[in-house]
Amino acid sequence: MKTYDYLIVGSGLYGATFAHFAKKAGKRCLVIDKRPHLGGNLYCEEIEGIQVHKYGAHIFHTSNKEVWDFVNTIVPFNRYTNSPIANYHGELYNLPFNMNTFCRMWQDVHTPLEAEARIAEQRKEALAALDGREPANLEEQALCLVGRDIYQRLIKEYTEKQWGRACSELPAFIIRRLPVRFVFDNNYFNDLYQGIPIGGYNRLIDGLLEGVECKTGVDFFTDYQSDWRSLANTLVYTGALDAYFDYRFGKLDWRTITFRTRVEDTPNYQGNAVVNYTSHDVPYTRVIEHKHFEQFGQEVYDCPKTVISEEYSAEYHPGMEPYYPINDAKNNVLAEQYRQLALQEKDIIFGGRLAEYKYYDMAPIVEKVMALFAKM
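Residues numbered from 1 in each chain as written. Predicted model: local features only at pLDDT ≥ 70, side-chain atom pairs only at ≥ 80, totals over all residues. Heavy atoms only, no water.

Participant: Just checking my understanding: could you explain helix α5 (residues 138-146) for this structure?
Facilitator: A turn of α-helix holds 3.6 residues, and therefore any two residues three or four places apart point the same way. All of the buried residues along α5 are Leu138, Glu140, Gln141, Ala142, Cys144 and Val146. Buried-residue contacts for α5 involve α4 (112-130) and α6 (148-163). One side-chain oxygen at the N-terminal end of α5 lies 3.1 Å from the backbone nitrogen of Glu139; it belongs to Asn137. Gly147 sits one or two residues past α5 and shows a positive phi near 85°. (Buried < 20%, exposed > 50% of the residue type's maximum accessible area, 1.4 Å probe, protein only. Helix = DSSP H or I, 4+ residues; strand = E, 2+ residues; numbered from the N terminus. Contact = heavy atoms within 4.5 Å. Polar contact = N/O pair within 3.5 Å; in protein donor to acceptor, adjacent residues only side chain to side chain.)

Right, dumping it as structure tokens:
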């Protein structure tokens, strides 16, 4: 008999959720992670009594009540509502694009009808410039969706910092839809439920992995790849898809993020959890003030200090953490080659953002694992 039913590579949300349901089904699991901690990119570090999202801001949101109820059985979630702000040369705009945004951008716009007319006028200009053809790149697509003013101030330079490429060089499908609301609603998500685990995401991961054998600081490729089949019946692999196959067809491209985190000697640095900086003159894409994810109202001032993180988008290089798949034509073809190769592997489940070369929000990951075990 094998020692384990499942060897799970990676303790991020996919791996931890899989281990939870496998253990619940009476299966024996070993979870390994090359990092010195569990939780993958959800890991939080406590600084000045504040849960700091070490690998970038994570907001759980879903309209699936079953998923929401499930994660709340692991740890209760708070009432955080994502309402980011955009800073363009010191001017502040609400996101997503809504009546607060439009009234700030155009001083003579005060009603939904006036905002709709202004955007329609600018969209008409962009569509006329195409002369009947489809948008060929992100810039043309965005102009057709929201017009030149919103594009120039809130999309163009921010997107170019994110992707390290001119918008005219990025594919149109990246921005096929942009949320535009003609109401005074700053809630970024349309989902019914959203929040942050009370006490931080480590509590969610620890709850999911309760009673599961875990080892950190372990590299699958050097410690387990050659003999995992003698150890477990099934491998659950959540690492990079191309790495598993030793880059047989070439390496997939990623964008990554680096962070500069510091403590500020003030209880309230920017008044919001997320502020995007949408102009090129600021090198970082956004500033996260972590306490606003979990502290509200007077609670903000009960803690005399705050922790902020500046986020810098960058090209991925070996040794860095891969974040966002680059879904251009070249990488889509390459990723599909690897996916077809993965389908030929017996007793291996490839799951999650890295293993599928697909960007996921958190709730769909949980939903996917729940559906998988429902079928089992």
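Text resumes after the structure shown.
Participant: Looking at this structure, I do not really get helix α12 (residues 329-343). What am I missing?
Facilitator: For α12, with 15 residues, the first-to-last C-alpha span of 21 Å sits near the 21 Å given by 1.5 Å per residue. Looking only at α12, the buried set comprises Asn331, Leu334, Ala335, Tyr338, Leu341 and Ala342. One side of α12 carries all its buried residues, which in axial view fall inside an arc of 115°. More than 90 degrees from the buried face of α12, the exposed residues found are Ala329, Val333 and Leu343. For α12, the elements touching its buried residues are α10 (241-244) and β16 (348-350). (Expected span 1.5 Å × (residues − 1). Arc of directions from axis to C-beta.)

Participant: Looking at this structure, I do not really get the packing of aromatic side chains. What am I missing?
Facilitator: The description of two aromatic rings rests on the distance between their centres and on the angle between their planes. One pass over the structure, following the stated rule, counts 30 aromatic pairs. Judged by centre distance (5.9 Å) and plane angle (20°), the rings of Phe102 and Trp106 are stacked. An identical accessibility class is assigned to Phe102 and Trp106; each is buried. Between the aromatic rings of Tyr244 and Phe245, the centroid separation amounts to 5.0 Å while the plane-to-plane angle is 80°, which identifies the pairing as edge-to-face. In this arrangement the basic side chain of Arg79 is found over the ring face of Phe296, its NZ or CZ atom lying 3.9 Å from the centre. (Phe/Tyr/Trp six-rings, centres within 6.5 Å; stacked < 30°, edge-to-face > 60°. Lys NZ or Arg CZ within 6 Å of the ring centre and 35° of its normal.)

Participant: Mind showing me how you'd approach the sheet that holds strand β11 (residues 254-264) here?
Facilitator: Sheet strands associate in pairs through backbone hydrogen bonding, adopting either a parallel or an antiparallel arrangement. Strand order in the open sheet made by the seven strands is β7-β6-β12-β13-β14-β11-β15, with mixed pairing throughout. One side of each edge strand has no neighbouring strand; the edge strands of this open sheet are β7 (91-94) and β15 (324-325). Bridging between β11 and strand β14 (residues 306-315) involves 10 bridges; their strand directions are antiparallel. In the strand pairing of β14, Phe259 is matched with Glu311. (Pairing = 2+ DSSP bridges.)

Participant: Would you explain the side chain of His20 in this entry?
Facilitator: For His20, the position within the fold is in helix α1 (residues 13-24). Among all residues touching His20, those that are not within four sequence positions of it are Phe70, Ile74, Gly207 and Leu208.

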